[in-house]
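So you can see what is in the structure, the chains are spelled out below.
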Amino acid sequence: MGKDKIKINKEFYDIMPPEYQDLVNDATYGKEGRGWKDVGVAKELIEEHSLCAGCPESIAFRYVLACLPNPEDTVMVGSTGCTSLVFPHVAVHNIHSLFGNQNAVASGLKRSLAHRFPGKIKDVVVLAGDGATVDIGLDMTLQSWFRQDKFLTICFDNELYANTGGQESGLMQKGFVSKMAPAGKKFEKVRLPDIARESGCHYVTMLTVSKPNRVEKAIRQGVLIAREIGPTYIQLYTPCILEIGKQMMEGLQEMRDSEGPGERFAFQEYMSEEAKQYLASLEAQKKPVAAIAGHA
Amino acid sequence: METQSRVGTYNKKGQRIVDAEYLFFEAPRQQYFMTGSEVVREAIRRASVDMSVAYPITPQSEAAAMVGDLYVEGYVGDYFRGESEFAVMSQCAGASFGGSRVFTTTSGPGTMRAYENFPMWVGSRLPIMINVMVRGINSPLNIQPDTLELGLIIDTGMLIWHAETGQELFDYLLKGYIVAEEPDVHLPIAVVIDGFFVSHTKDVVMLPSADLALTPYDPYRSPVPCMDMEVPPVRMMRDPFVMKSNYISYATHASWQQETRAACERSRKHTIRLLGGLLEEENSDAEILIVSSGTALAQGREAVRLLAEEGIRVGIVKIKTLRPFPHEEIRQATRNARLIFVPEFNVVGWLAREIKATIPENHRVIAGPHVAGGMTMPPEVIVETIKNALSKKEVVYG
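Residues numbered from 1 in each chain as written. Chains lettered and ligands numbered in written order. Predicted model: local features only at pLDDT ≥ 70, side-chain atom pairs only at ≥ 80, totals over all residues.

Looking at the overall build of chain A
Within chain A one finds 10 helices and 7 strands. Relative to the compact-globule value of 19 Å for 296 residues, chain A shows a C-alpha radius of gyration of 19 Å, a close match. Expressed as lengths along the three principal axes of its C-alpha atoms, the size of chain A is roughly 60 × 55 × 35 Å. When each of the 296 residues of chain A is scored for burial, the buried share is 52%. Put simply, 66% of the contacts in chain A that link residues at least 6 apart link residues at least 24 apart. (Helix = DSSP H or I, 4+ residues; strand = E, 2+ residues; numbered from the N terminus. Rg over C-alpha atoms; globule rule 2.2 N^0.38 Å. Buried ≥ 20, exposed ≤ 12 C-beta atoms within 10 Å, placed from the backbone. Contact = placed C-beta atoms within 7 Å.)

Shown next, in the form of structure tokens:
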């Protein structure tokens, strides 16, 4: 799309909403090396959100949008849940259709855009909660990976159904007591990162959103590898402070407490050989002189 | 617009893109003898379809696989097998959101599994073409012809056209795209045929040359933005309606549903132009009428012939579009009838129910005969039903 397409006709400038004027003047569409450091400096692609005060998902959402390498040609697919309260405020095209079908929609969308815009970058990014990704939508999540459809799947893992009031989900920890698990969850947290790797994802990472640099790198790699090589999967811990009994200031600490060595959100990353080679080739392109010198 | 400017040019396959009305009404046609599945293949060959997603279920599997052959030959842009009908319909949605002309097929239990997607397609204004080849949905497992599933999808908000013959199937598939993609309609369309009776039976069809292709879809004529980031992304709403229990939220949901239903009604003018009306009448001034759709109506025609041999004059009203439903047309067509018979291939008689809810003095409607589960409906059964009613023997159907 590029920034020229969002320009406002001069005659209508004064009657456009101020947030749209800001988007035209200060958003980071097309900016090389955009990232989380633009948050609070440039116009963000997320206008507002109606999540709970202090919800870690809200900052995760802002990081994701700030770090997409190519938002001017990115279409996002969401699902039902807390994320669907945010998407209507987001300045990239996004689709909500049903609960759990997000990876199926993305498969059709990605192929449709590839057919209509051959040779042009059109990234597709799925962003959905753990209920949508792992429970009701697991079949479609996995099948899109088996088919090697080229898009990034991001799961906001808050370990329960937050939007419906805190029911048990497949990504919930074993033993956790919640609605629909009144005696505690009986089975282990589903190991979707392992399953993603076995299902053909070329890049898989699991982390919290406590460290924005890491989130930025993950999102960039996830999008770039999906664009050229094949499916990628990022699982981000975004604790539901409301349902686990935390205060609004305690989200960050909860993430830090959960990512230490041996904890369930200890940083994990996997990359296929093809993906590694591709990223290395991108690095080499960035430093043409060094690369030539290396050959000599 | 992009679509019209491509008329006269050639697509990648070398087909000449022609004006829709030329393809429908003027292009020379040649006679063929083929099954309904083959008719689907020939329609899609000429339909400038960008994407199709398939899944096996009897009786639509054959047609769905043939569309795959068209993809390999280069007539269809992309094609793959989904993992279930629920997923397939969501994949079709994604493709349509992305601005492609989309085709898919389904049958029976597959239609039921896909169901959640249909109102979503409507609310999202996706002009997807789905060819439904109806079959039984009852348990124990039944693959036989039965139209119960059709009665269950008529209020999803899609346009629903019921083809009786192979020729209608061909014409409805192509004309359906043109009507469904009109900016003031822009809704999904189900072109329905009776599984096996049409899908697996050979019929005479007249086809235009395979060197011609329908004008392609132009997603920028859509009344809602195409999700391709080629038009400015706008904040859609300040408060997501899903979570707000307030008047604005309710009013928005209500008015959007009214708008999609109104869009379905607005399809009438385009449909009348292309199909020549939402229904067809033959001798509808007769005291006795058979009113139905699909192959039940075809059996009715044969009954009319048998009754004529005995001097009993029976007229026919054939309903082509179940949505929009031709309420006023049916009222007019049946205004002189004393008895109205509605033969159907399902256990509940949903079409008779629709007609009863439409016309005055609806005691005139005799809901039958209806057969189900794959039972055939010989014309003699219709004849007997009519004669029984005429001799004032009590008829109890549905």
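Next comes the rest of the description.
Notes on the sheet that holds strand S5 (residues 102-106) of chain B
All names here are of chain B. With mixed pairing, 7 strands are arranged side by side in an open sheet as S4-S3-S5-S6-S8-S7-S14. Here the strands that pair on one side only, and so sit at the sheet edges, are strand S4 (78-81) and strand S14 (321-323). The mean angle between the axes of side-by-side strands here comes to 20 degrees, regardless of whether they run parallel or antiparallel. The pairing of strand S7 (residues 159-162) with strand S8 (residues 189-194) spans 4 bridges and is parallel. Residue Trp 161 lies in a different strand from S8, and its bridge partner there is Val 191. (Pairing = 2+ DSSP bridges. Axes fitted to C-alpha atoms, helices over the stretch in contact; angles between N-to-C directions.)

Details of the sheet that holds strand S13 (residues 314-319) of chain B
Residue and element names in this part refer to chain B. Taking strand neighbours across the sheet as the criterion, the 5 strands line up as S11-S13-S12-S15-S16 in an open arrangement whose pairing is mixed. Two strands bound the open sheet, and with one partner strand each, they are strand S11 (279-282) and strand S16 (365-366). Relative to S13, S11 runs antiparallel, the two being bridged by 4 bridges. Following the sheet pairing, Glu 282 is matched in S13 by Ile 316. Sheet contacts for helix H14 (residues 379-390): strand S12 (288-292), S13, strand S15 (339-341) and S16; angle to S15, the most-contacted strand, approximately 160 degrees.

Details of the environment of Tyr 220 of chain B
If you trace the backbone, Tyr 220 of chain B turns up in the loop between strand S10 (212-214) and helix H10 (247-275). Since 15 C-beta atoms lie within 10 Å of it, Tyr 220 of chain B is described here as partly exposed.

What about the interface of chain A and chain B?
The interface of chain A with chain B comprises 36 residues on the first partner and 36 residues on the second. Elements with a contribution of two residues or more to the side of chain A that touches chain B: strand S1 (74-77), helix H3 (102-116) and helix H5 (138-146) of chain A. A total of 11 residues in the side of chain A that touches chain B trace back to one element, the largest contributor, which is H3 of chain A. A per-class count over the side of chain A that touches chain B returns 15 nonpolar, 12 polar and 9 charged. (Nonpolar A, V, L, I, M, F, W, Y, C, P; charged D, E, K, R; others polar.)

Side note on the confidence of the model for chain B
Parts of the prediction with low pLDDT should not have their coordinates interpreted in detail. Chain-level pLDDT for chain B is 95 on average; 95% of the residues reach the 70-or-more range. Predicted complex metrics record ipTM = 0.95 and pTM = 0.95. (pLDDT = per-residue confidence, 0-100.)

Observations regarding the environment of Arg 41 of chain B
Residues and elements named next belong to chain B. Checked against the element boundaries, Arg 41 lands in helix H3 (residues 36-45). Owing to 20 C-beta atoms within 10 Å, Arg 41 belongs among the buried residues under this scheme. The contacts of Arg 41, once residues within four sequence positions are left out, are Ala 63, Met 66, Val 67 and Leu 70.

Section: the packing of helix H11 (residues 294-309) of chain B against H14 of chain B
Residues and elements named next belong to chain B. Between H11 and H14, the shortest axis-to-axis distance is 8 Å and the interhelical angle comes to 60 degrees. For the element pair H11 / H14, the angle class is oblique. Crossing handedness for the pair H11 and H14: right-handed. In this structure, H11 uses Gln 299, Gly 300, Glu 302, Ala 303, Leu 306 and Leu 307 to contact H14, whose residues at the interface are Pro 379, Ile 382, Val 383 and Ile 386. (Parallel < 35°, antiparallel > 145°, perpendicular 65-115°, else oblique. Left-handed = near helix turned anticlockwise from the far one by under 90°.)

Observations concerning the domain arrangement of chain B
Residues and elements named next belong to chain B. When its domains are assigned, chain B resolves into domain 1 (2-221) and domain 2 (279-390). The C-alpha-based centres of domain 1 and domain 2 are spaced at 28 Å. Listed as interface residues are 19 residues of domain 1 and, on the opposing side, 20 residues of domain 2. A total of 4 residues in the side of domain 1 that touches domain 2 trace back to one element, the largest contributor, which is S7. (Domains from an automatic or database assignment.)

A word on the pairing of strand S3 (residues 51-54) of chain B
Look at any regular strand and the pattern is simple: side chains alternate between the two faces of the sheet. All names here are of chain B. Of the two faces of S3, the one holding Met 51 and Val 53 and the one holding Ser 52 and Ala 54 are both buried throughout. Summarising the sheet, S3 and S4 pair through 4 bridges and their orientation is parallel. Along S4, the bridge assignment pairs Met 51 with Asp 78. Crossover handedness for the path S3 to helix H4 (residues 61-73) to S4: right-handed. Examined bridge by bridge, S3 and S5 share 2 bridges and lie parallel to one another. Residue Met 51 lies in a different strand from S5, and its bridge partner there is Val 102. (Right-handed = clockwise from strand over helix to strand, strands pointing away.)

Here we look at the packing of helix H7 (residues 212-228) of chain A against helix H9 (residues 273-286) of chain A
Residues and elements named next belong to chain A. Between H7 and H9, whose axes approach to 10 Å, the crossing angle comes to 105 degrees. Viewed along their axes, H7 and H9 adopt a mutual orientation that is roughly perpendicular. Contacts between H7 and H9 pair Gln 221, Leu 224, Ile 225 and Glu 228 from the former with Ala 275, Tyr 278, Leu 279 and Leu 282 from the latter. Grouping the constituent residues of the contact of H7 with H9 by class yields 6 nonpolar, 1 polar and 1 charged.

Digging into the pairing of S12 of chain B
All names here are of chain B. Counting buried residues along S12, 5 of its 5 residues qualify, which places the element largely inside the surrounding structure. The alternating pattern of S12 places Ile 288, Ile 290 and Ser 292 and Leu 289 and Val 291 on opposite faces, both of which are buried. When S12 meets S13, the two strands line up parallel, connected through 5 bridges. Within the sheet, the bridge partner assigned to Val 291 lies in S13 and is Val 317. What joins S12 to S13 is H11, and the crossover it makes is right-handed.

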